[in-house]
Amino acid sequence: MRVSSAVPSIGFLNWLIVHHRCTHTRGQVMTNYDPDAIEARWQAAWNDASAFESDVDLSRQKFYCLEMFPYPSGQMHMGHVRNYSIGDSMARFRRLAGFNVLYPMGYDSFGMPAENAARRIGGHPHDVTWSNIEGIRSDLNRMGFSYDWRRELATSDSSYYRWNQWIFLKFHEMGLVERRTAPVNWCDSCDTVLANEQVKNNRCWRCAGEVRQKDMAQWFLKMTKYADELLDELDHIEFPENVKAMQRNWIGRSHGADIHFPIVDSDDVIKAFTTRPDTIFGVTFVTLAPEHTLCENLVAGTEFEENYRKLADECARLSEFDRINMLRDKKGVFLGRYATNPLTGTKVPIYAGNFVVASYGTGAVMAVPGHDQRDHDFAKKYEIPILQVLSEDEGKDPKVTGRAFEGLGWMANSGLPGFDGLYGDNAKAAVIEALEKEGMGAGTIQYRLKDWLLSRQRFWGTPIPFIHCQSCGVIPVPEEDLPVELPLDVVFTEGESGNPLANHHGFVNTNCPSCGATAKRETDTMDTFYDSSWYFLRFADALNDSTPFSKESADYWMEGGVDLYIGGIEHAVMHLLYARFFTKALRDAGLHNVSEPFSRLVCQGMVNAPAPFCAECNVEYHVDIEGTPCPTCGNTLGSRSAKMSKSLGNTVSPEIMIEKYGADTVRLFILFGANPEAGMDWSDSAIDSNHRQMRAIHSALIQGIENDVGVGTMDEWLLARSRQAHNNWTDNMSNVSLRDGVMISHFEMVTDWQWAQRRGGVSASAGREYLNHWIPMLYPATPHLAEEMWEMLGNKTMLAQTILNLSPRQNDSDAIVLGQEEYLKRVIDRARSVRELAERHTEGTLSAVNIQTANDWKEILASQAIQMHNDDFDFKAGGNKFLQTQKCFQDESTKGDVMQFWRALVVGQKKRRGRIYTWGEQELALLSSSEFDEVDFISNNAGFIASTLGIESVEVYRAGEGEDVAGKARTSLPLEPGIAWR
RNA sequence: GCAGGGGUUCCCGAGUGGUCAAAGGGGGCGGACUCAAGAUCCGCUGUCAAGCGCUUCGCAGGUUCGAAUCCUGCCCCCUGCACCA
């Protein structure tokens with residue numbers, strides 16, 4: 001069979017007609033994508049329809065989508081835009097899927113910035129905060145986020161913080177509140193104490209000012225009671241690995257033993273905590289933190305006192321930060337006394353060491369220089385004996401290497417029966433058992449986690465609801481007197497420090513609820529992390545004014561936790577740990593039945609933008625100095641992607657971008673720029689190209705809506721593609737792989753539509769069906785455009801109120817319909833790739849393509865091999881035998897070709913496996929179909945191929961049935977025809 | 001030091017044993033349309049002698065018929081914690 005075609009096929013003409021109409025007869029109004037008008041219109045429509053309000057409905061499956069609520073600092077930044085674009089897309093997607101979606105928003109509005117701002121401008125933090133909230137709210141609305149605004153809350157509103165106080169009283173009843181005098185972290189510049197979690201490198205987490213220790217009466221929440229549960233439950237929640245690691249690290253549970261070392265000639269005992277009781281026989285000295293109370297007792301009045309005092313003073317004088325920096329230099333002083341190893345009775349010297357931390361464990365360390373590198377260094381410096389009591393190799397004596405062997409090993413040299421030869425946990429257990437028997441110690445667990453210090457000496461926070469009475473002590477404010485409100489008649493002035501609450505007589509002076517005498521209110525307020533530790537529960541029932549939330553609401557919306565929680569990694573320890581603790585404590589208070597607040601956490605990556613960078617100094621600079629040499633070394637500055645920040649000046653204003661491109665484009669850019677957890681780089685050209693993409697989508701949709709073609713050649717294919725796309729899209733969206741989802745909905749769907757037009761067009765009815773599938777896919781990421789087009793398509797119900805069937809779609813014929821088109825694309829692709837070669841080998845211009853499909857016998861062998869493969873035929877064992885029975889194998893002239901082809905079919909060569917293993921569903925469908933014939937298919941599409949390749953004709957026949965152009969007959973395979981140019 | 005995550009083509013970034021010279025996007029280049037610009041569309045974007053060629057997924061080895069993918073060692077980057085006993 002030979003086909004020659006110089007005329008475009010029917011389909012091709014069809015496309016020209018459609019194309020023609022679109023570009024010339026359509027009105028200008030319809031062709032313009034006008035995001036401002038569309039977005040305003042639909043935001044109003046959603047609002048009018050209360051489309052995003054959701055209530056408890058036990059008959060429906062819920063989906064609680066939550067973002068870390070913002071601190072209202074005035075304006076929304078790109079980090080917010082990213083965070084909330086992700087959340088909004090997921091909320092909208094889940095609504096489409098039929099879930100009852102709770103998607104609320106609020107403001108974490110207590111805190112120091114408002115207080116400082118009020119001081120600066122001479123107002124009240126309340127006013128500063130509320131005007132900032134107005135600003136953020138309007139930005140959020142401009143982005144079109146689909147919150148249930150009825151549930152909006154602000155933690156600085158007494159309708160919220162009264163429940164902070166209520167819960168605090170509850171915790172007090174439960175014994176979780178404690179007021180005690182303790183050394184606390186004090187930040188001079190913030191004028192308040194800080195929780196442990198808020199101190200990094202001995203600097204304040206907010207202002208980076210140095211933190212110093214101070215003894216004060218403070219309020220604590222006993223979070224340590226929940227340490228084990230907080231740690232163990234990490235295994236059952238879907239948090240990113242690094243977040244889990246940070247929390248584990250922070251809780252810092254270590255198993256070990258407290259071991260008692262009696263002091264010689266004294267009744268005192270040194271209790272040392274160790275994680276390595278198995279090394280007890282290697283103890284050659286004991287080290288105390290200089291602050292340890294025993295030091296003073298032991299050394300007083302001895303010749304060693306002066307040295308000790310020097311060390312202790314040095315440690316006390318240095319901040320902990322400096323101390324860590326100085327600690328390369330391990331220092332210790334002998335205290336003149338000895339302690340006894342409780343198992344061996346050996347006397348070992350007692351030292352004070354600057355590297356022992358008073359606040360961890362017991363502040364005393366048993367030193368084993370043979371198996372701890374720090375102790376090893378110390379022992380060498382002060383010429384203390386080093387004993388090896390663990391062997392690296394079973395049954396052998398320990399090696400002496402000049403370094404400590406810190407791994408687990410087999411016990412040796414214990415000098416007591418029953419220990420040598422024990423390994424690891426067994427060794428530890430044996431030592432603990434012996435200690436317990438002697439009453440000289442016990443197995444124990446240490447935590448790094450401390451109780452949460454939550455009082456702050458600041459104004460703009462929740463007042464701690466307690467009253468100090470001369471005779472009754474510190475007693476709680478009765479529940480009916482809540483809330484204890486912050487006074488509004490407070491004047492903030494610049495330069496004034498301290499807590500204005502303390503000087504506010506109306507607030508401070510009250511009567512004791514118990515005895516009625518005059519009394520003073522507590523003026524400390526709560527850490528703002530307290531506010532955010534349960535706001536997700538309040539959202540479940542935000543309008544309740546008789547309890548923080550009803551049990552029914554909490555149990556419905558919070559069942560299994562918030563389904564998707566999105567926010568920044570900076571809260572990995574503090575907020576997320578506190579919130580987990582709160583949830584468990586409130587569960588134990590009987591307020592709900594939930595154990596973990598967040599079942600899945602997604603930490604969105606940074607939004608970066610270029611900043612000047614000196615590679616030499618490894619420093620990023622403010623964008624202002626772009627183009628100048630490095631201020632430090634004078635080298636030419638390069639550029640590097642860096643987190644958007646005020647200090648670098650590389651921020652991009654969301655408002656300006658929305659104004660320029662519209663909210664949908666900004667959303668698309670954010671979602672397409674990177675998957676949620678990856679960092680993304682801001683790029684002006686990228687957002688521009690995303691805007692072009694929005695226009696391309698818009699015009700494709702308009703074209704589809706106006707399409708009135710009666711019969712379309714690409715109907716089947718386009719609909720098959722849409723089913724395939726639907727399935728992949730649903731999977732990606734369900735997994736929060738938004739980038740991949742958007743790639744399908746906003747890129748591949750357009751490409752397919754355009755391909756269908758080029759290939760002959762689609763009918764009006766198929767086009768509408770395609771749009772009916774496509775437009776809802778556009779909705780989660782770019783809801784405004786989707787609603788507009790959905791309506792234009794004639795739908796009366798908004799997408800915001802539409803539920804789709806998202807179960808997989810598939811027609812039996814899809815594989816073959818899709819496979820054919822793939823085949824065509826591949827043929828064209830291969831033709832292009834050999835074109836250049838052909839041009840070099842041919843004189844004159846190329847005007848035709850010659851295609852030879854595989855010989856008959858190849859197709860027969862291929863389908864037999866596929867069949868045999870399905871039946872698990874052993875090709876290694878029986879392949880050759882089978883081949884010999886084949887007719888094509890008898891012909892001596894083609895025997896070699898048959899062998900070679902068979903190999904390509906069932907074995908493969910080099911890195912490529914045999915075709916029977918690599919053919920996919922579509923290829924297999926084509927090969928086994930009686931309807932698909934390569935020669936027929938190519939000749940039917942010869943016009944398209946010719947016009948696409950820009951040539952005059954395409955000829956096609958089965959190898960052997962025509963001239964063997966360029967010897968391509970031999971190389972042709974089923975679905976991979978030989979292609980030559982002429 | 002410990003823990004977690006990384007290193008892929010000009011850039012960003014997908015890819016966790018064979019259909020991989022490696023998706024997609026950005027950028028660049030070329031072309032079509034146009035008086036022109038923008039927009040839009042099409043193509044190219046490791047290499048050559050054009051082949052089921054050669055080289056390439058941080059470096060060096062190993063496992064395998066076959067490695068970007070698995071294993072071992074090393075180097076580098078990011079994040080967090082840090083004389084935590």
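The preceding data block contains the structure.
Small disclaimer: the values here were computed from a predicted structure and weren't measured. (Residues numbered from 1 in each chain as written. Chains lettered and ligands numbered in written order. Predicted model: local features only at pLDDT ≥ 70, side-chain atom pairs only at ≥ 80, totals over all residues. Heavy atoms only, no water.)

**Some points on the overall build of chain A**
Inference 1: Of the regular secondary structure elements, chain A holds 35 helices and 36 strands.
Inference 2: Dimensions of chain A, computed from C-alpha atoms along their principal axes, come out at roughly 115 × 80 × 65 Å.
Inference 3: Relative to its 982 residues, chain A shows a buried fraction of 55%.
Inference 4: Taking the intrachain contacts of chain A between residues at least 6 apart in sequence as the baseline, contacts between residues at least 24 apart amount to 75%.
Inference 5: Of the roughly 43,100 Å² of accessible surface on chain A, a fraction of 48% belongs to carbon and sulfur atoms.
Inference 6: Charged side chains in chain A number 97 positive and 132 negative. The centres of these two groups are separated by 3 Å. (Helix = DSSP H or I, 4+ residues; strand = E, 2+ residues; numbered from the N terminus. Buried < 20%, exposed > 50% of the residue type's maximum accessible area, 1.4 Å probe, protein only. Contact = heavy atoms within 4.5 Å. Areas by Shrake-Rupley, 256 points an atom, 1.4 Å probe, with all protein chains shown as cover. Lys, Arg positive; Asp, Glu negative; His and termini not counted. Charge placed at Lys NZ, Arg CZ, Asp CG, Glu CD.)

**Focus: the sheet that holds strand β36 (residues 978–981)**
Inference 1: Taken together, three strands build an open sheet; the order of strands is β35-β32-β36 and the sheet is mixed. Across the chains shown, the open sheet's two edge strands, defined by having one partner strand only, are β35 (953–958) and β36. Going from strand to strand, the sheet's axes swing by 20 degrees on average, the running direction of each strand aside.
Inference 2: Of the pairings in the sheet, the one linking strand β32 (residues 848–853) to β36 comprises four bridges and is antiparallel in character. Within β36, the residue paired with glutamine 852 across the bridge is glycine 978. (Pairing = 2+ DSSP bridges. Axes fitted to C-alpha atoms, helices over the stretch in contact; angles between N-to-C directions.)

**Details of the sheet that holds strand β23 (residues 509–511)**
Think of a sheet as strands paired side by side through backbone hydrogen bonds, with each pair either parallel or antiparallel.
Inference 1: Strand order in the open sheet formed by four strands is β22-β21-β24-β23, and the pairing between neighbours is antiparallel. This sheet does not close on itself; its edge strands, each paired only once, are β22 (473–476) and β23. Direction aside, the axes of adjacent strands within the sheet are offset by 40 degrees on average.
Inference 2: By the bridge criterion, two bridges tie strand β21 (residues 466–469) to strand β24 (residues 518–521) in an arrangement that is antiparallel. Paired with histidine 468 across the bridge in β24 is lysine 520.

**Regarding the environment of methionine 606**
Inference 1: For methionine 606, the location among the structural elements is in the loop between β27 (601–603) and β28 (607–614).
Inference 2: The class for methionine 606 is partly exposed, based on a relative accessible area of 38%.
Inference 3: When the C-alpha positions of methionine 606 and threonine 632 are compared, they lie 27 Å apart, and in sequence the two are 26 residues distant.
Inference 4: Those residues within four positions of methionine 606 in sequence are excluded, and the remaining contacts are Arg82, Lys643, Gly679 and Met680.

**Some points on the packing of helix α22 (residues 684–706) against helix α26 (residues 783–792)**
Inference 1: With their axes 10 Å apart at the nearest point, α22 and α26 run at an angle of 10 degrees to one another. Relative to α26, α22 is oriented roughly parallel. Contacts from Met694, Ile697, His698, Leu701, Ile702 and Ile705 in α22 reach Leu785, Met789 and Met792 in α26. (Parallel < 35°, antiparallel > 145°, perpendicular 65-115°, else oblique.)

**Regarding the pairing of β24**
Inference 1: Pairing analysis gives three bridges linking β23 to β24, with the strands arranged antiparallel. Bridged to threonine 510 within β24 is alanine 519.
Inference 2: The hairpin formed by β23 and β24 contains six residues between the paired strands, and glycine 516 there has a positive phi angle of roughly 85 degrees.

**A closer look at the side chain of serine 414**
Inference 1: Mapped onto the elements, serine 414 comes out in the loop between β17 (410–411) and α14 (424–438).
Inference 2: Here the side chain of serine 414 touches leucine 416 through a polar contact of 3.0 Å, landing on its backbone oxygen. (Polar contact = N/O pair within 3.5 Å; in protein donor to acceptor, adjacent residues only side chain to side chain.)

Without other data, these values stay purely geometric and don't point to any function.
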